[in-house]
Amino acid sequence: MNRLALCLSRAIARVTEAALGPYQTAVVRMGFAATWLLFLLREYPHRQELYGPHGPWSFDLAQQLTADNHAFTALLASDSQAFFEVFYFLAVVSSALLLVGWRTRATSLLFMIGVLSLQNRSVFVGDGGDNVLHLMSFYLVFTRCGQVWSLDARRAARASAARARGERVAPDRAGPALWAVSGLVLLVAALTGRTGGGWLVPAVLWGTWSGAALWWAAGRWARTPEPRILLDVIANILHNGALFVIMAEACLIYSTAGWYKIQGSRWQDGTAVYYPLHLDYFSPWPALADLLSANGTLVMLVTYGTVIVQVAFPFTLFNRRVKNVLLAAMMTEHAVIAVVLGLPFFSLAMIAADSVFLPASFLHRLGGWAARARDRVFRRTDPELPVQRFPEADEQPRVGFGA
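All residue numbers refer to positions counted from 1 along the written sequence of the respective chain. Reporting of local features is limited, given that this is a predicted model, to residues whose pLDDT is at least 70; pairs of side-chain atoms are given and counted only at 80 or more, and all residues count toward the totals for whole chains, interfaces and linings. As a rule here, side-chain values cover all heavy atoms of the structure and leave hydrogens and water aside.

In the annotation of an unreviewed UniProt entry, the protein is listed under the name HTTM domain-containing protein and assigned to Streptomyces hyaluromycini. Reading the Subcellular location (unreviewed entry) entry of the UniProt record for the protein gives the comment "Endomembrane system". UniProt positions are given in the numbering used here, feature names are shortened, and annotations may be inferred rather than shown by experiment.

Below, the structure written as structure tokens:
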């Protein structure tokens, strides 16, 4: 009984003391932000047909559909063309800001609003990658995804270094200003009845806004550190819970896809991969598709291998080496799908979801390589610039509620 209590106390301490997987969460953040940003930029010339107020899926049809399914979309607040253009621009900006990690708590909310609003505006133009992005944009709101590899982390590191030198750190003005503006927008939307369908997304927006207010108030007026510690614990619990849900979601996607494939006759006889390679709308490179499908043995191996990897992956999480091998195989498969079948954004979304399982040691090395490459580039333009050392995981500065 004492051993069980000790294990339980250790588990509780681990969940509450720190936000787990900071590097994995940062990669997921950057992966989905980059996927959505590239999609919006590529579809910019076609934005009117996809999501515009006067597109094929008209404003009235979208209103009727959301009245039934209660899906959230801010684009139904107005059928003005100017409103749509501003919203699309803000969706692009929020994706870019989330990618670089500026005020990640606020930008993750704006990112979620952009994804849900555009996708729910025209629900018939998406694919499987859009569904993954749809879910992950909601989960990212609850994570502290700006602890590393972000402008938030750099700002926190500079403030920590200044305090260590005994220097005065200027109070944060951008955070409270962003909080005030967002609160005003939320209030106006609530008073005018334009918060979108359903109650979940508005509740998340108001809850996050209130949490940011409590965090700022605790840091400014609390005489003891206990209120800030309590808020930090709550943020860690939410982060770790959301990280677990992201991992479970990825496992569910693969296991469901694998078990459904087993029931298909074409997957059973080993020929399923052959057919999508010869569909006109999935063949941007017909010669490459013909080359890959010319070998029957290769088609059979890829077909059976896809099913085996998808079904087995959730069970390999208990063995790190096997998991890493299958993870590399799945990422390679998605990269091939992006090129051969012409589905780059679906593949990017799945690779971003897979990134949550990347080993921390690999991400540390990847960060070190990126930092050294950055230093080489900047030292060529400024030889007097000192070389910056990439900090290890236990040296990362603690960032606040905003990250």
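A.B. asks: What should I look at first to understand the overall build of the protein in this one?
C.D. replies: Secondary structure elements follow DSSP: runs of H or I of four or more residues count as helices, runs of E of two or more count as strands, with numbering from the N terminus. Scanning the protein for helices and strands turns up 17 helices and 0 strands. For the radius of gyration, the atom set is restricted to C-alpha positions; the globular benchmark scales as 2.2 Å times the number of residues to the power 0.38. Taking 22 Å as the expected radius of gyration for a compact globule of 403 residues, we find that the protein reaches 23 Å, a close match to that expectation. For the protein, the spread of C-alpha atoms along the principal axes amounts to about 70 × 60 × 55 Å. Three exposure classes are used, based on accessible area relative to the maximum for each residue type with a 1.4 Å probe and protein chains only: buried under 20%, partly exposed in between, and exposed over 50%. In the protein, buried positions account for 39% of the 403 residues. In these tables, accessible area is a Shrake-Rupley quantity obtained with a 1.4 Å probe, and a residue counts as shielded only by the protein chains included in the view. A total of about 22,400 Å² of accessible surface is found on the protein, and carbon and sulfur atoms cover 67% of it. By the counting rule applied here, Lys and Arg register as positive and Asp and Glu as negative, while His and the ends of each chain are not counted. Charge positions come from single atoms, namely NZ of Lys, CZ of Arg, CG of Asp or CD of Glu. Separation of charge centres in the protein, based on 34 positive and 26 negative side chains, amounts to 11 Å.

A.B. asks: Would you mind showing me how to read the nonpolar core here?
C.D. replies: In globular proteins that are soluble, nonpolar side chains generally tend to be buried together. What makes a nonpolar core is a set of buried Ala, Val, Leu, Ile, Met, Phe, Trp, Tyr and Cys residues whose side-chain atoms join them at distances within 4.5 Å. Core analysis: the biggest nonpolar cluster contains 60 residues, and Phe-32, Trp-36, Leu-40, Tyr-51, Met-112 and Leu-118 have the highest contact counts within it. Looking at which element gives the most residues to this core, the answer is helix α2 (residues 22-42), with 10 residues. The criterion used for residue contact is that any of the two residues' heavy atoms lie within 4.5 Å. Beyond its immediate chain neighbours, meaning those up to four positions away, Phe-32 contacts Phe-111, Val-132, Leu-133, Met-136, Leu-140, Ala-349, Ala-352 and Ala-353. Core analysis: the next-biggest nonpolar cluster, separate from the first, contains 7 residues, Val-273, Ala-289, Val-299 and Ile-337 among them.

A.B. asks: What is the right way to look at a nonpolar patch on the surface in this model?
C.D. replies: A cluster of nonpolar side chains, Val-86, Phe-89, Leu-90 and Val-93, forms an exposed patch at the surface whose accessible area comes to about 360 Å². Position of Phe-89 among the secondary structure elements: in helix α5 (residues 81-100). Residues enter a patch when their relative accessible area is above 30% and they make no salt bridge; the linking distance is 9 Å between like charges and 5 Å between nonpolar side chains (Val, Leu, Ile, Met, Phe, Trp, Tyr). In the sections that follow, a salt bridge refers to a side-chain nitrogen of Lys or Arg positioned within 4 Å of a carboxyl oxygen of Asp or Glu.

A.B. asks: Help me out: how do you make sense of the side chain of Thr-107 in this one?
C.D. replies: The topology assignment puts Thr-107 in helix α6 (residues 104-121). With relative accessibility at 1%, the residue Thr-107 sits in the buried group. Reaching out from Thr-107, the side chain makes a polar contact with the backbone oxygen of Trp-102 at a distance of 3.1 Å. Discounting residues that sit within four places of it in the chain, Thr-107 has contacts with Ser-94, Leu-97, Leu-98 and Trp-102. Counting of polar contacts relies on pairs of N or O atoms within 3.5 Å, with two restrictions inside protein: one atom must be capable of donating a hydrogen and the other of accepting it, and residues adjacent in sequence are counted only when both atoms are side-chain atoms.

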